[in-house]
Amino acid sequence: MAQVDGPPASAAPGQPCVSKLVLLGSGSVGKSSLALRYVKQDFKTVLPTVGCAFFTKVVDVGASSLKLEIWDTAGQEKYHSVCHLYFRGANAALLVYDITQKGSFHRAQQWLAELEKEFAPGEVVVMLVGNKTDLGEEREVTVQEGKEFAESKGLLFMETSAKLGWQVCEAFAAVAHELLQRHKAGAGPTLPGGDAVDLNSGPARQVKCCAH
Ligand code: GDP
Ligand code: MG
């Protein structure tokens, strides 16, 4: 498993800030597929089981850039637990459910409760992601349900299709944007020891596409 020692430090001059983003959600909702789509612009119906996959990607947001360390589980989510190391030092989380599986939406709500146990309010940027919109005919969770839950908890919200590459880049970009906002505010999670500010508290919103 990749190791991260403590919270990411503020960037050296000229270097992008580094933030740790964890993927959370039930098995088979498309977490690994979202990471693969975002980092490699690829999609596979069968993904190899690896230890704990770890990707990095530098995201440009306007004149600033941010290095995202994207942590993906190796299927531990099937046992309804991931280790504390996985959460440790996280600055952001994508809370993923499958729009065709109501149970995965309920499970996302439980994952949020786990996150709330580990972190103070506003310490982590959380985005709720309803994946597999290409399977619209099998939809069990409405956009409204996703949006309302996100709003009630102050989360960012977006629906995606890792298969079609729809809104995947936008979802990660929105999180990166929020992380940079915090960094600029001087109290964000990318600064060691800073006071947390709840910038998740605004309404669920959509961010326009990044450059891919
Ligand atoms: P994980 O267990 O959450 O990491 O889920 P995976 O990324 O391994 O995906 C589980 C299955 O769902 C795989 O067969 C993927 O090909 C499929 N999948 C993932 N994202 C999408 C999507 O957006 N649309 C469709 N139709 N299938 C998807
Ligand atoms: Mg996976």
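Residues numbered from 1 in each chain as written. Chains lettered and ligands numbered in written order. Predicted model: local features only at pLDDT ≥ 70, side-chain atom pairs only at ≥ 80, totals over all residues. Heavy atoms only, no water.

(A) Here's a closer look at the overall build of the protein chain. A count of helical and extended segments in the protein chain gives five helices and six strands. Each helix and strand of the protein chain, placed in order from N terminus to C terminus, yields the pattern β-α-β-β-α-β-α-β-α-β-α. In the protein chain, which comprises 212 residues, the share counted as buried stands at 50%. Restricting the contact set of the protein chain to residue pairs at least 6 apart, pairs at least 24 apart contribute 71%. Taken as a whole, the protein chain presents about 9900 Å² of accessible surface, with 52% of it coming from carbon and sulfur. (Helix = DSSP H or I, 4+ residues; strand = E, 2+ residues; numbered from the N terminus. Buried < 20%, exposed > 50% of the residue type's maximum accessible area, 1.4 Å probe, protein only. Contact = heavy atoms within 4.5 Å. Areas by Shrake-Rupley, 256 points an atom, 1.4 Å probe, with all protein chains shown as cover.)

(B) Molecular detail of the site of ligand 1. Ser 28, Lys 31, Ser 33, Thr 45 and Asp 134 are the nearest of the 20 residues found near ligand 1. Within the side chain of Ser 33, one N or O atom sits 2.6 Å away from an oxygen atom of ligand 1. The protein chains hide 84% of the 580 Å² of surface that ligand 1 would expose on its own. With three residues, helix α1 (residues 31-40) is the largest single contributor of residues to the shell around ligand 1. (Near = heavy atom within 4 Å. Polar contact = N/O pair within 3.5 Å; in protein donor to acceptor, adjacent residues only side chain to side chain.)

(C) Unusual backbone geometry, seen in detail. With phi around 50°, Gln 41 is a residue other than glycine that occupies positive phi space. By the secondary structure assignment, Gln 41 is in the loop between α1 and β2 (54-61). Looking at Gln 41, the relative accessible area reads 45%, which means it is partly exposed. Within the chain, Lys 132 stands out as a residue other than glycine whose phi angle is a positive 75°.

(D) Region of the structure containing the nonpolar core. Membership of the largest hydrophobic core comes to 57 residues, with the highest contact counts inside it found for Ile 70 and Leu 128. For this core, the element with the highest residue contribution is helix α5 (residues 168-185), accounting for nine residues. Those residues in contact with Leu 128, other than ones at most four positions away along the chain, are Leu 95, Tyr 97, Phe 105, Ala 108, Gly 146, Phe 149, Ala 150, Leu 155, Leu 156, Phe 157 and Met 158. (Core = buried A, V, L, I, M, F, W, Y, C linked by side-chain atoms within 4.5 Å.)

(E) Representation of the confidence of the model for the protein chain within the structure. Across the protein chain, the average pLDDT comes to 81, with 75% of residues at 70 or higher. Overall, residues 1-9 carries pLDDT values under 50, and its contacts beyond four positions in sequence, including any with other chains, amount to 24 contacts. (pLDDT = per-residue confidence, 0-100.)

(F) How the structure looks around the packing of aromatic side chains. Throughout the structure, instances matching the rule amount to five aromatic pairs. On the basis of an interplanar angle of 5° and a centroid distance of 4.1 Å, the ring pair of Tyr 38 and Phe 172 is categorised as stacked. In this pair, Tyr 38 sits in helix α1 while Phe 172 sits in helix α5, placing the two residues 134 residues apart along the sequence. For Phe 172, a relative accessible area of 1% puts it in the buried group. Ring pairing ties together the aromatic residues Trp 71, Tyr 86 and Phe 87, which thus form one cluster. One cation-aromatic arrangement involves Lys 20 over Trp 71; the distance from NZ or CZ to the ring centre is 3.6 Å. One cation-aromatic arrangement involves Arg 107 over Trp 111; the distance from NZ or CZ to the ring centre is 4.4 Å. (Phe/Tyr/Trp six-rings, centres within 6.5 Å; stacked < 30°, edge-to-face > 60°. Lys NZ or Arg CZ within 6 Å of the ring centre and 35° of its normal.)

(G) Spotlight on α1. By the criterion of burial, α1 is predominantly enclosed, with eight of the 10 residues buried. Lys 31, Ser 33, Leu 34, Ala 35, Leu 36, Arg 37, Tyr 38 and Val 39 are the residues of α1 that are buried. As for α1, its buried residues are in contact with β1 (17-25), β2, β3 (64-71), β4 (92-98), β5 (125-131) and α5. Looking one or two places after α1, you find Gln 41, whose phi comes out positive at around 50°.

(H) Quick look at the packing of α1 against α5. As a packed pair, α1 and α5 sit with axes 9 Å apart at the nearest point and diverge in direction by 85°. Between α1 and α5, the angle is such that the two are roughly perpendicular. Contact residues: Leu 34, Arg 37 and Tyr 38 in α1; Val 168, Cys 169 and Phe 172 in α5. Taken together, the residues of the contact of α1 with α5 sort by class into five nonpolar, no polar and one charged. (Axes fitted to C-alpha atoms, helices over the stretch in contact; angles between N-to-C directions. Parallel < 35°, antiparallel > 145°, perpendicular 65-115°, else oblique. Nonpolar A, V, L, I, M, F, W, Y, C, P; charged D, E, K, R; others polar.)

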